[in-house]
Amino acid sequence: YAGLESRLISKVDAVVTATPSIADRYREVHSNVLCVANFPRRDELLTTNGSEHPRDGVCYVGGISPGRGVVEMVTALWHTETDTTLFLAGPPPSNQLQGTLSRLGGWERVEALGFLDRDGVRRLLARVVAGLVTLRGTPAYREAYPTKMFEYMSARVPVIASDFPLWKGFVETEDCGICVDPTDPRAIAQAIDRLVSNPEEARAMGNNGREAVEREYNWESQASRLLDLYQSLKAQARL
């Protein structure tokens with residue numbers, strides 16, 4: 001498949017990828033490769049009532065599976081010292097996984113919301129202290145831009161994220177959350193307790209994340225790059 005892919009790519013005018021690591025791989029076989037990240041729109045998930053609304057609990061929004069860290073998230077609630085609720089928003093897990101989760105000690109403090117539309121996600125993010133994105137360290141996740149992390153940031157929600165080097169670079173540079181070992185429920189619990197117990201710190205991290213999205217990590221910045229590519233290809237076609 002790699003050989004077939006290389007041959008096919010050699011016949012196209014440009015290649016668009018979602019992450020730098022994929023772009024680097026394709027640049028080995030093509031000279032015109034552009035990375036266009038799947039960042040959120042600046043204001044889609046931002047509430048209009050500022051950052052002073054009451055916040056409680058933490059959330060995870062996305063697919064619910066072991067690879068996305070749901071077992072560790074739920075287990076972390078068993079180790080928290082604060083009385084914190086985890087709001088799970090996403091398609092219902094398989095029956096087997098649901099059985100596993102319901103037997104975990106932290107499940108009694110989980111509120112499973114099911115699938116939410118974009119307005120539902122916006123309203124959820126308006127009420128939580130932090131957003132979890134503690135995915136396990138598979139190759140696909142370690143080198144990916146986690147869209148949900150930037151969505152949390154866009155809504156002024158500090159993140160609790162896996163300590164992958166790429167992700168850690170974002171979070172520590174922007175001071176918008178805490179990175180933890182995604183396989184360690186106690187580390188996740190400590191991060192939850194820290195943000196729940198220190199609302200001023202959580203608010204500051206949330207504002208930092210929002211500023212980063214306004215400045216750089218937004219779809220508007222990426223769309224302009226994509227449109228520039230289309231214009232350049234259109235101009236070349238006229239030659």
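Check the entry above for the structure.
Owing to the predicted nature of the structure, the values given are computational and were not obtained by experimental measurement.

1. Examining the side chain of Asn 218
Relative to the assigned elements, Asn 218 resides in the loop between α10 (199-215) and α11 (219-238). On the basis of relative accessibility, which here comes to 0%, the residue Asn 218 falls in the buried class. Here the side chain of Asn 218 touches Val 213 through a polar contact of 2.8 Å, landing on its backbone oxygen. Residues in contact with Asn 218, not counting those within four places in the same chain, are Phe 39, Pro 40, Arg 42 and Val 213.

2. Observations regarding the sheet that holds strand β8 (residues 177-180)
Sheet architecture is open: six strands sit in the order β5-β4-β3-β6-β7-β8, paired in parallel fashion. Here the strands that pair on one side only, and so sit at the sheet edges, are β5 (110-114) and β8. With strand direction ignored, the average angle separating the axes of adjacent strands in the sheet is 25 degrees.

3. Quick notes on the pairing of β5
Where strand β4 (residues 86-89) and β5 come together, four bridges link them in parallel fashion. Within β5, the position partnered with Leu 88 by the bridge is Ala 112. For the crossover from β4 across helix α4 (residues 95-102) to β5, the handedness is right-handed.

4. Side note on the packing of helix α7 (residues 147-154) against α10
Following both chains from N to C, one finds α7 and α10 inclined at 110 degrees, their axes separated by 7 Å at the closest point. Considering their axes alone, α7 and α10 lie roughly perpendicular with respect to each other. Residues Phe 150, Met 153 and Ser 154 of α7 lie in contact with α10, whose contacting residues are Gly 206, Gly 209, Arg 210, Ala 212 and Val 213. In the contact of α7 with α10, the residues fall into four nonpolar, three polar and one charged.

So, how was this worked out
- Residues numbered from 1 in each chain as written.
- Predicted model: local features only at pLDDT ≥ 70, side-chain atom pairs only at ≥ 80, totals over all residues.
- Heavy atoms only, no water.
- Helix = DSSP H or I, 4+ residues; strand = E, 2+ residues; numbered from the N terminus.
- Buried < 20%, exposed > 50% of the residue type's maximum accessible area, 1.4 Å probe, protein only.
- Polar contact = N/O pair within 3.5 Å; in protein donor to acceptor, adjacent residues only side chain to side chain.
- Contact = heavy atoms within 4.5 Å.
- Pairing = 2+ DSSP bridges.
- Axes fitted to C-alpha atoms, helices over the stretch in contact; angles between N-to-C directions.
- Right-handed = clockwise from strand over helix to strand, strands pointing away.
- Parallel < 35°, antiparallel > 145°, perpendicular 65-115°, else oblique.
- Nonpolar A, V, L, I, M, F, W, Y, C, P; charged D, E, K, R; others polar.

The quantities given are spatial measurements derived from coordinates; they are silent on function.
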